[in-house]
Amino acid sequence: MAQWNAYYHNDEEEEEQEDGEQFRDYKVTGRDSLVFLVDASKEMFVKGEDGQPSNFDLSMQVVRSVYTSKIISSHRDLVALVFYGTEQSKNPSNSFKHVYVYHNLDEPGAKRVQEVDALQGEKGARLMEKTMGSGETSLGDALWCCANLYSDIKLRLSFKRLMIFTCRDEPHGGDTAKDRQARTKASDLKETGVFIDLMHLMKPGGFDVSTFFCDIISPDSEGELGLQLEPCGKLEDLKKRVRAKEQKKRAMSRLNLSLGEGLNLAVGIYAMAVPAKIPGSVKLYRETNQQVHSKPQTFDTQTGRLLLPSEIKKAQVYGKKQIVMERDEVDAIKKFEDPGLYLIGFKPIKMLKIHHHIRPAVFIYPEENMVKGSSCLFSALLTKCSEKDVFALCRCILRRNCPPRFAALVPQKEELDEGKVQITAPGFHLIYLPYADDIRTLDPPQFPSASQIPVDKMKQIVSKLRFKYRSDAFENPAIQKHFRNLEALALNMMAPEDVEDLIMPKVDQINQRLGPLAEEFKDLVYPANYNPESKPTTKRKSADNGGGDEKKARVEMSEEELRAHVQNGTLGKLTVPVLKEACKKLGFRTTGTKKQELIDALVAQMGP
């Protein structure tokens, strides 16, 4: 049985290698996990100025957003919700006071989203007061409880993260014993591979991170965002920080970048933009609603017998001969060299043209865990390429059985926004370059050039409608509508939320910006009373207006031209009406109406 499974697994892997698509689902050996540790003290329920939502409401909205995004993007990840500083206690064996485990580590579902919705607003505050309340705070016990949640999971976890939501910079009110206990438990969690992040919220007088939480959180690693000193006061800012933290940056592959003989560094390949697609439907067995799994098998078409792996060969026709190859031979033909990047040289960035971008680019970043010193060498290479305004030309083989390609490593510097949040990461964009065979020579059609007056008018229109495009400002309306409908069905909502189509043009705003420019341009280019939305009508000419004469003129041909066609053997280029008219003009009748019969009659009449 192991032989069959191994064979079919390799078959699927080979199909994946043959596929030319760059973006595929990431293959991860374990699951990601995320624990929300939310402060439930009375300070968290204080309303903001001008009726702004409380810090607790902001936290619950962010938790709900992560739940729904996990359901869509990675439903196998584990998520938990724990409150600390509560009056009531609910945890395994109730061994930790003032800690309430609202959700254990498990896959997110519709029921959990509904339970988080119940904690928002005035009703949510009353429900919290009724079920949990607010009591003493012991962050050390809360961290200990979260450690037990991780230890109870028998699944393999590839990434573990814990986020603390609070508006109190001194949760224990100066109690040094509790502070020391919390620091100890935080250190124990970090040693087990748990990353601790702080999502601190606004409070009167400001939030001082240095008093306590700077010793609790994990240090910046793997190029992620470090601790933000400014607290979050807006929902969008808080969502942005949580989104940047909770998503693990998974590499498509990890390769060696060879700079020369014996000088290598390790880099990771990351996809900056992946096309979002509506997931395909899942086949279910109608009796039990269990998912149906398909397994490919190969049968002999003559006998119907199931073929063994050793009985299947591959062949290709070349020179009218069938070339039969074993599986090992096929693998050897596909393999050029081991995967990696090999530096060839450097070129000025101005030599990189737009038409050289033949497929989506990827991003490379150093992998210090694979080769020590990669970050330092990578940073030096990035700095020098940026200073000299050059790109590195490399020979690239991304994975096994992939053909080699030339690639340009274009440097990119780090950029931070006003809140010291990284908006552009430092690294190289890997742009695949075309071969000489990939570039086509086009012969575009020639059209008459417009005069300068309408060209200047169109320049004014373009300048009026110009705007700065941001990809994160436009959502796919089809995907949004699909998941809104699924969400309404899963959460038993009366109707799905309305979806705003952001890619529809704003006609009123466009007309307001243009003013009379559009009409002026139309008057310059189009004739009077022209309506571009009306379909052009073709009027057929009658025989009285000369239509019949024109048609007849098209089929007439002189005897000299006809004789030349006969001598050159080009009668086949003439149409049937022309051939009929030629026969009629020469004064002989033809019984056939097919083209070849007319040609034979003309050759017999006019031939030598």
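Reading the values: rules and limits
Residues numbered from 1 in each chain as written. Predicted model: local features only at pLDDT ≥ 70, side-chain atom pairs only at ≥ 80, totals over all residues. Heavy atoms only, no water. UniProt positions renumbered as here; feature names shortened; annotations may be inferred. Axes fitted to C-alpha atoms, helices over the stretch in contact; angles between N-to-C directions. Helix = DSSP H or I, 4+ residues; strand = E, 2+ residues; numbered from the N terminus. Parallel < 35°, antiparallel > 145°, perpendicular 65-115°, else oblique. Left-handed = near helix turned anticlockwise from the far one by under 90°. Contact = heavy atoms within 4.5 Å. Nonpolar A, V, L, I, M, F, W, Y, C, P; charged D, E, K, R; others polar. Pairing = 2+ DSSP bridges. Phe/Tyr/Trp six-rings, centres within 6.5 Å; stacked < 30°, edge-to-face > 60°. Lys NZ or Arg CZ within 6 Å of the ring centre and 35° of its normal. pLDDT = per-residue confidence, 0-100. Core = buried A, V, L, I, M, F, W, Y, C linked by side-chain atoms within 4.5 Å. Buried < 20%, exposed > 50% of the residue type's maximum accessible area, 1.4 Å probe, protein only.

In the nomenclature of an unreviewed UniProt entry, the protein chain is known as DNA helicase of Takifugu flavidus. Here the protein chain is described in UniProt, under the heading Catalytic activity (unreviewed entry), as follows: "ATP + H2O = ADP + phosphate + H(+)".

## Describing the packing of helix α5 (residues 139–151) against helix α6 (residues 176–191)
Where α5 meets α6, the closest approach of the two axes is 7 Å, and the angle between their N-to-C directions is 20 degrees. Our classification of the angle between α5 and α6 gives roughly parallel. α6 is crossed by α5, and the crossing has left-handed handedness. Here Leu139, Gly140, Asp141, Leu143, Trp144 and Ala147 of α5 come into contact with α6, specifically with Gln181, Ala182, Lys185, Ala186 and Leu189. Taken together, the residues of the contact of α5 with α6 break down into seven nonpolar, two polar and two charged.

## What to know about the sheet that holds strand β1 (residues 31–39)
Ordered in space as β3-β2-β1-β4-β5, the five strands form an open sheet in which the pairing is mixed. Whereas interior strands pair on both sides, the edge strands pair on one side only; in this sheet they are β3 (99–106) and β5 (194–200). Neighbour-to-neighbour, the strand axes of the sheet open up by a mean angle of 15 degrees, direction not taken into account. Pairing geometry for strand β4 (residues 157–166) and β5, over seven bridges, is parallel. Looking at the pairing, arginine 161 lines up with phenylalanine 195 of β5. Along the sheet face, α6 touches β4 and β5 and points at about 130 degrees away from the line of β5.

## Looking at the packing of aromatic side chains
Across all of its chains, the model carries 12 aromatic pairs by this definition. Among the aromatic residues, those joined into a cluster by ring pairs are Phe45, Phe56, Phe83 and Tyr102. When the ring centre of tyrosine 150 is taken as origin, the NZ or CZ atom of lysine 160, which lies over that ring, is 5.8 Å away. Sitting above the plane of the tryptophan 144 ring, lysine 185 keeps its charged end 3.4 Å from the centroid.

## Considerations on the confidence of the model for the protein chain
Taken over all residues, the pLDDT of the protein chain has a mean of 81, while the share at 70 or more is 85%. Across the protein chain, strand β16 (residues 427–432) holds the top mean pLDDT of 94, while helix α1 (residues 2–18) sits lowest at 37. Overall, residues 1–28 carries pLDDT values under 50, and its contacts beyond four positions in sequence, including any with other chains, amount to 48 contacts.

## What to know about the nonpolar core
For soluble globular proteins, the rule of thumb is that nonpolar side chains tend to be buried together. In terms of nonpolar packing, the biggest core is built from 32 residues, with Leu37, Leu139, Leu162, Ile164 and Phe213 touching the most fellow members. Secondary-structure elements contributing two or more residues to this core are β1, β2 (78–84), β3, α5, β4, α6 and β5. Excluding residues that lie within four positions of it along the chain, phenylalanine 213 makes contacts with Leu139, Ile164, Thr166, Arg168, Asp169, Pro171, Leu198 and Phe207. Counting residues in each nonpolar core, the second largest holds 30 residues, with Val62, Leu81, Met128 and Val242 among its members.

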